[in-house]
Amino acid sequence: MTRYLSDSALERLREAADAPDLSGTRYRLVEKLGQGGMGGVFCVEDTELERRVALKVISVPDGEGALSARLLQEARVIAKLEHPGIVPVHDAGVMPDGRPYYTMKLVQGKRLDEYLGTTTNLSDRLRIFLRICDPVAFAHAHGVLHRDLKPANVMIGPFGEVLVMDWGLSKMLQSGEATGPLASQNSETAGATPSSMQTAHGSVLGTPGYMAPEQVRGDTKLDQRADVYSLGTILQFLIADASPAPKALVAIRQKATATDAAERYLTVPELAADVAHFLDGMSVSAYPEGPFGRAWRWIRRNQVWILLLLAYLLARTLLIFWRPR
Amino acid sequence: MNKALIGLLLGGILGVLDGLSAWFTPAVRNQLLGIVLGSTVKGLIAGVLIGFFARKVNSLALGIVFGLAVGLLLAYAVAAMQPGPNHYYFEIMLPGGIVGTIIGYATQRFGEAPQTATR
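Residues numbered from 1 in each chain as written. Chains lettered and ligands numbered in written order. Predicted model: local features only at pLDDT ≥ 70, side-chain atom pairs only at ≥ 80, totals over all residues. Heavy atoms only, no water.

Some details on the interface of chain B and chain A
It is common to give the size of an interface as the accessible area that goes away when the parts come together.
Phase 1: Contact with chain B, which involves 18 residues of that partner, is made by 12 residues of chain A.
Phase 2: When chain B packs against chain A, close to 1400 Å² is buried across both sides, 75% of that on carbon and sulfur atoms.
Phase 3: A per-residue breakdown of the area chain B buries against chain A is headed by B:E91, B:I102 and B:Y105, which together make up 36% of the total.
Phase 4: Counting across the chain B and chain A interface gives 1 salt bridge.
Phase 5: Of the charged contacts in the structure, one is a salt bridge between B:D18 and A:R316, with a shortest N-O distance of 2.6 Å.
Phase 6: Here chain B is connected to chain A by 3 residue pairs in polar contact (both at pLDDT 80 or more).
Phase 7: Among the secondary structure elements, those contributing two or more residues to the side of chain B that touches chain A are α1 (3-20) and α4 (89-109) of chain B.
Phase 8: When residues of the side of chain B that touches chain A are assigned to their parent elements, the largest contribution, 10 residues, is made by α4(B).
Phase 9: For the side of chain B that touches chain A, the class distribution of residues is 13 nonpolar, 3 polar and 2 charged. (Contact = heavy atoms within 4.5 Å. Buried area = accessible area lost by both parts, 1.4 Å probe. Salt bridge = Lys/Arg side-chain N within 4 Å of Asp/Glu carboxyl O. Polar contact = N/O pair within 3.5 Å; in protein donor to acceptor, adjacent residues only side chain to side chain. Helix = DSSP H or I, 4+ residues; strand = E, 2+ residues; numbered from the N terminus. Nonpolar A, V, L, I, M, F, W, Y, C, P; charged D, E, K, R; others polar.)

Examining the packing of aromatic side chains
Phase 1: Summed over all chains, the structure comprises 6 aromatic pairs over all chains.
Phase 2: Residues A:W305 and B:F110 carry aromatic rings whose centres are separated by 6.0 Å and whose planes lie at 15° to one another, so their mutual orientation is stacked. Placement of the pair is A:W305 in helix α10 (residues 303-321) and B:F110 in the segment after α4, with the two residues belonging to separate chains.
Phase 3: Look at B:F110 and you get partly exposed, because its relative accessible area is 34%.
Phase 4: Both rings, one in B:Y76 and one in B:Y89, keep their centres 5.4 Å apart while their planes meet at 20°; by these two values the pair is stacked. (Phe/Tyr/Trp six-rings, centres within 6.5 Å; stacked < 30°, edge-to-face > 60°. Buried < 20%, exposed > 50% of the residue type's maximum accessible area, 1.4 Å probe, protein only.)

Structural notes on the sheet that holds strand β1 (residues 27-35) of chain A
Residues and elements named next belong to chain A.
Phase 1: Here we have 5 strands laid out as an open sheet, ordered β1-β2-β3-β5-β4, and antiparallel in their pairing. Edge positions in the sheet fall to β1 and β4 (89-94), since each of these pairs with one other strand and no more. Each adjacent strand pair in this sheet contributes to an overall mean axis angle of 25°, direction not counted.
Phase 2: Here 7 bridges tie β1 to strand β2 (residues 39-46), and the two strands are oriented antiparallel to one another. The residue of β2 that forms the bridge with G34 is V41.
Phase 3: Here helix α2 (residues 66-80) sits on the sheet in contact with β3 (51-58), β4 and β5 (100-105), set at roughly 25° to β5. (Pairing = 2+ DSSP bridges. Axes fitted to C-alpha atoms, helices over the stretch in contact; angles between N-to-C directions.)

Re the pairing of β3(A)
Residue and element names in this part refer to chain A.
Phase 1: The element β3 is largely enclosed, with a buried count of 6 among its 8 residues.
Phase 2: Bridging between β2 and β3 involves 8 bridges; their strand directions are antiparallel. Along β3, the bridge assignment pairs G40 with V57.
Phase 3: Hairpin connection from β2 to β3: 4 residues lie between these consecutive antiparallel strands, with E50 at a positive phi of about 55°.
Phase 4: Summarising the sheet, β3 and β5 pair through 5 bridges and their orientation is antiparallel. Residue A54 lies in a different strand from β5, and its bridge partner there is M104.

Here we look at the nonpolar core
Phase 1: A:L112, A:F129, A:I132, A:L231, A:I252 and A:L271 are the most contacted members of the largest nonpolar core, which has 58 residues in total.
Phase 2: At 9 residues, the largest contribution of residues to this core is made by helix α4 (residues 122-141) of chain A.
Phase 3: For this core, the domains that each give at least three residues are domain 1 (7-105) and domain 2 (110-279) of chain A.
Phase 4: Every residue in contact with A:L112, bar those within four places of it in the chain, is listed here: A:I128, A:I132, A:P151, A:V154, A:I156, A:I234 and A:L238.
Phase 5: In terms of nonpolar packing, the next biggest core, distinct from the first, is built from 14 residues, A:Y312, A:A315, B:A46 and B:Y105 among them. (Core = buried A, V, L, I, M, F, W, Y, C linked by side-chain atoms within 4.5 Å. Domains from an automatic or database assignment.)

Some points on unusual backbone geometry
All names here are of chain A.
Phase 1: Of note, the phi angle at E50 is positive, near 55°, even though the residue is not glycine.
Phase 2: Within the secondary structure layout, E50 lies in the loop between β2 and β3.
Phase 3: Taking relative accessible area as the criterion, E50 reaches 66% and is therefore assigned exposed.

Let's talk about the pattern of salt bridges
All names here are of chain A.
Phase 1: Summed over all chains, the structure comprises 14 salt bridges over all chains.
Phase 2: Linking R297 and E289 is a salt bridge whose minimum nitrogen-to-oxygen distance equals 2.8 Å.
Phase 3: Classification of R297 as buried rests on a relative accessible area of 19%.
Phase 4: Salt bridges sharing partners connect three or more residues here, namely R28, E45 and R52.

Focus: the sheet that holds strand β6 (residues 110-111) of chain A
All names here are of chain A.
Phase 1: With antiparallel pairing, the 3 strands of this open sheet are ordered in space as β6-β8-β9. Looking at the sheet topology across the chains shown, the edges are occupied by β6 and β9 (162-164).
Phase 2: In this sheet, β9 lies alongside strand β8 (residues 154-156) in antiparallel orientation, the contact comprising 3 bridges. For M155, the partnering residue across the bridge sits in β9 and is L163.
Phase 3: This element, α4, spans β8 and β9 of the sheet and lies at about 40° to β9.

With respect to the packing of helix α2 (residues 32-56) of chain B against helix α3 (residues 60-80) of chain B
Residue and element names in this part refer to chain B.
Phase 1: It is the contact of α2 with α3, at a shortest axis distance of 10 Å, that shows an interaxial angle of 155°. By the angle class used here, α2 and α3 are roughly antiparallel. Crossing of α2 over α3 shows right-handed handedness. When α2 is examined against α3, the residues K42, I45, A46, L49, I50 and F53 are found in contact with a partner set consisting of L62, G63, F66, G67, V70, L74, A75 and V78.
Phase 2: Considered class by class, the residues forming the contact of α2 with α3 number 11 nonpolar, 2 polar and 1 charged. (Parallel < 35°, antiparallel > 145°, perpendicular 65-115°, else oblique. Left-handed = near helix turned anticlockwise from the far one by under 90°.)

Below, the structure is given as structure tokens:
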């Protein structure tokens, strides 16, 4: 039968079949934004508030309802993480066909991997990195691991806002691993990250190349250091253009992406503090310096002062010895 | 510490040190006290002026240029007031300008800017 339909007609039929049935809801479909392993993300118009939002809905068969439960759990996790660097959830509900959905702020910006072409300045890139660390550290403090941090999951908004997206693979830390208000819960959610590896409970979840070794092995007891590893790979992505990359920065990246989790930064704030110290021209914990290294760094930090004082002393010396007759 | 106070303190300290450097000039060593006092007053005035400028204008480049200008202007006034045929314009204005530049840089880099009033 299909041989009588053109490819474009087939494509349109597929799109129509994928489109969520929004009848009876306050939303009107505008366009499809993306497709992941278990769900699609659509741009929809909120007809009551007259604004556009993003709607995420399961788009694969979900016989036992496990995916639906995960989607709702994902929405609840994100809703509890109120932070400027995390896309806020607006609403959650069930469509007429029984599929759950949730809506969130529609972010119009560039993914980090696309945005990097607009700035080659290393300091600017490291400041962006620090702003990626903020919401991740916030989530850890509330007992949530992201588990799928990568440049494609970071958005830079039109006003320079940095947003960590796609918490579909997030995992609640076990009690005792975190002290935040959500720490007593324990669950997993799986979402719509293209190219993310998604399998059953307790299996490998994440994106190859950005996953910590223990995450690749499918360890069930992950902690903040798994996200520290992924942040280290993002740092590597950000400094890849810098040639040669400063040794202290390379040392930070190496510590963050150590194969043995015990050798990594224990927390994201520790990693962020080292990067901030590097930006401020101060010493970093990952790169022990000798006395000459410390002296050189001090001179570079205070070079204007040193130049001004040298100019003053030089002028004074010249005036003492070369007095006009 | 606010920027005007930083300017005042730095201007005073650099003014004293600048005045004391006259000790290396035997011809004026007997006037050292007056030179130190004059240089200190000059440094204090320059420091306050440059510090207030830094409170109003947040620009490292403009701060340095303003510091240089104030330092040179005050040093010129001091040199012009020197009795006798030799006014030592170059000897007084060169370090005066550098001191003004240092204060201009310091007041832009350090010190608290005034808070915006809110209701």
